[in-house]
Every structure is written in structure tokens, then in C-alpha cells.
Amino acid sequence: MPYSPVNSLQPDWSFPAAVLPYSAEWVEQAEALAAQLQLPCLPVQTPDQLEASQQVLWVHPQGLAIQQGGRKAPGPVRVDFVEGALAHRRLYGGGAGQQIAKAIGVKGQRCPQVLDATAGLGRDAFVLAALGCQVQMLERHPVVLALLQDGLQRAQQDPEVAPITARMQLLQAHAYDYMHTQAQQGAPAPQVIYLDPMFPHTEKSAEVKKDMKAFRTLVGADRDADALLAVALAWQPCRVVVKRPRKAPCLAGQPPSLSLEGKSGRFDVYALRSLDSAELP
């Protein structure tokens, strides 16, 4: 499929209106982040003092977060690999019996090397790293990258989680450009390329959780998703795994080798060669 640089640059991106420091002791860090992202830095105040339509990047003691303004706004959204849902999944998530583990090819002592080309909030990458996979994450949105960097730095301070995040490498890159360049240069493909493109939102879509609402506002839909599948397959990994809503069409109309369905989503697996016969790069 022909590649469009316009799509890769994600024209429907948005950015928070400003960076907001939690308190006076966080102002210096907030100002440095604002300069890096070329955003204004607000004076110290609480988010409920902001307009309801205003979204900010909140420099907070508990971690960098996306926060909506207004008194009735939902809570902050941050990358947290230590507490919350990911902690529960790490302890009670079902291990190699999870659908994502089956799709990636985790089995026994086999923990494939994975390129997560659409890292997002890093949740699936963390699940795979917790299972023993080495995961390289690509993220192109500067604000999402900052959230991931902050989450990884905080996780490194936790003795139980640090060994997991040590298996997670984060790069700022446009996935198509990165994979195309690596393939053109003859770099060995990872064993598995994982794609979780943002599905276009419609008015008929089911209600989504607050964090995904904030995330959708930030990154929009991945318009180059079909092209990502094409370039991933062209690099010739052992398999490409695509996460999709359960009733969504296949990327580029290309049927997978097999699909693993859950309650709300599915994993389309494009198997090119055996994982057991592959050599690690």
C-alpha cells in the first residue's frame, strides 16, 4: 500500500493546552517540560479552577498525567506500571493463558522478542514484558512519549516491577518510517511485530473508559494503520499480531492466519514462519 507522509505525521493530533505544576516545588520541572513540548506553563492552581474544555499535562508527585479541567472532570490519566490495573493483571492476569500471550506465541520457555510499534500507554508491552518477552516500544506522539518515560522512570524505583520494565525499551519514532528504514538497511526483523492502532471513533461506538477518552483526544485515529500492516509484513518477522475491536474489519482487508477473540476485542495473527526456527537479532 502506498505510504503517505501526511498520514504518518498524524494531522489530527492534539496537544494539552498547557503544562500545570502541582505545587511550587514542581514549577521548575513543569517549566522545563513546557519548553520541551513548546507549550505554555500555567501558574500553580487546581484543575477544577480551569475551564472544563481545557486539558492540561499535570506535573504531579504521583506522576505526569493528562488532566481535564473543571469541577466535574474525571481523575488524572497517567502511565502506572506499579499500581492499579496493571498491578492486578501482573499478579492475577492468567500468565501465558492470556489471549495476547497466545497470539504473540509465548509458550513454556519461549518468550518471543516483540516490537510494539504502537506503544500507546504501554499496557500490552508491560504485560508481555511481565511474561518474559523483550519488548521494544515505538511512540510518535511527544506527550504520550513523555507519559511513558515518566511511568518507566517511576517503575524503576520499585523492586518488584523494575526487572519487568528493564525488558522494555522505548524509542521515539514513527512506526512506518522506523520499520521501513530498518528493513531497507537489512536489519533483522524482530520475531513478532505487534500493532494496536487506534480505531476511528464514531458516535455509535460504545462508551469508553475515561483514560481512553483522554487518549483518543490526544492522538486521534491511526490513519496509516493499513500501511503499518503492509510494512510490518514486508520486514518478514515470524508473525505480525494486530489487536482489533471484535467486530472491526481486518486491516487493509487482509485476512489473518488465525484470530483469537475475546469479549470486546480480538487478536489477528499473520504467521509468516515458525517462531521456534527463528534466530534472535
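Residues numbered from 1 in each chain as written. Predicted model: local features only at pLDDT ≥ 70, side-chain atom pairs only at ≥ 80, totals over all residues. Heavy atoms only, no water.

**Student:** Quick question: what am I supposed to make of the packing of helix α8 (residues 175-184) against helix α10 (residues 225-234) here?
**Tutor:** Helix packing for two helices is described by the angle between their axes and how far apart those axes are. Interaxial distance between α8 and α10 falls to 9 Å at its minimum, and their mutual angle equals 20°. On the basis of the axis angle, α8 is roughly parallel to α10. Between α8 and α10 lies a crossing of left-handed hand. Residues Ala 175, Tyr 176, Met 179 and His 180 of α8 form the contact with α10, whose own contacting residues are Ala 227, Leu 228, Val 231 and Ala 232. When its residues are assigned to classes, the contact of α8 with α10 shows 7 nonpolar, 1 polar and no charged. (Axes fitted to C-alpha atoms, helices over the stretch in contact; angles between N-to-C directions. Helix = DSSP H or I, 4+ residues; strand = E, 2+ residues; numbered from the N terminus. Parallel < 35°, antiparallel > 145°, perpendicular 65-115°, else oblique. Left-handed = near helix turned anticlockwise from the far one by under 90°. Contact = heavy atoms within 4.5 Å. Nonpolar A, V, L, I, M, F, W, Y, C, P; charged D, E, K, R; others polar.)

**Student:** Mind showing me how you'd approach the nonpolar core here?
**Tutor:** Nonpolar side chains tend toward joint burial in soluble globular proteins. Grouped together as the largest cluster of nonpolar side chains are 58 residues, with contacts concentrated most on Phe 81 and Ile 104. Of the residues forming this core, the biggest block, 8 residues, is contributed by helix α6 (residues 142-155). If near-sequence neighbours (up to four positions away) are discounted, Ile 104 is found in contact with Pro 112, Val 114, Leu 128, Val 192, Tyr 194, Arg 239, Val 241 and Leu 275. If you look at the next biggest cluster of nonpolar residues, it comprises 23 residues, including Leu 115, Tyr 176, Met 179 and Ala 225. (Core = buried A, V, L, I, M, F, W, Y, C linked by side-chain atoms within 4.5 Å. Buried < 20%, exposed > 50% of the residue type's maximum accessible area, 1.4 Å probe, protein only.)

**Student:** What am I meant to see in the side chain of Arg 266 here?
**Tutor:** Inspection of the secondary structure assignment puts Arg 266 in strand β10 (residues 265-271). A residue is classified by how much of its surface remains accessible, and Arg 266, at 6% relative accessible area, is buried. Here the side chain of Arg 266 touches Asp 268 through a polar contact of 2.7 Å, side chain to side chain. With sequence-adjacent residues up to four places away left out, Arg 266 is seen in contact with Val 242, Lys 243, Arg 244, Pro 245, Arg 246, Lys 247, Ala 248, Pro 249, Cys 250, Ser 259, Leu 260 and Glu 261. (Polar contact = N/O pair within 3.5 Å; in protein donor to acceptor, adjacent residues only side chain to side chain.)

**Student:** Looking at this structure, how should I read α8?
**Tutor:** Every α-helix carries 3.6 residues per turn, so stepping three or four residues along brings you back to the same face. Taken together, the buried positions of α8 are occupied by Ala 175, Tyr 176, Tyr 178 and Met 179. The arc that holds every buried residue of α8, seen down its axis, measures 170°, which confines them to one face. Positive phi shows up at Gly 186, right after α8, with a value of about 80°. (Arc of directions from axis to C-beta.)

**Student:** Sorry if this is basic, but what is going on with the pairing of strand β9 (residues 258-261) here?
**Tutor:** If a strand is regular, its side chains alternate between the two faces of the sheet. Bridge analysis of β9 against β10 gives 4 bridges, and the strand direction is antiparallel. If you follow Leu 258 over to β10, its bridge partner there is Val 269. As consecutive antiparallel partners, β9 and β10 are separated by 3 residues. (Pairing = 2+ DSSP bridges.)

**Student:** I keep staring at the sheet that holds strand β6 (residues 168-172) and nothing clicks. Help me out?
**Tutor:** Picture the strands of a sheet paired through backbone hydrogen bonds; they go either parallel or antiparallel. What the 7 strands build is an open sheet, ordered β6-β5-β4-β7-β8-β10-β9; its pairing is mixed. The open sheet has two edge strands, β6 and β9, and neither has a second partner. Taking each pair of neighbouring strands and ignoring which way they run, the sheet shows an average axis angle of 20°. Relative to strand β5 (residues 135-139), helix α5 (residues 123-130) is tilted by about 170°, and along the sheet it contacts β4 (114-116), β5, β6, β7 (192-195) and β8 (239-245). Contacting β4, β5, β6 and β7, α8 crosses the sheet at an angle of about 125° to β5.

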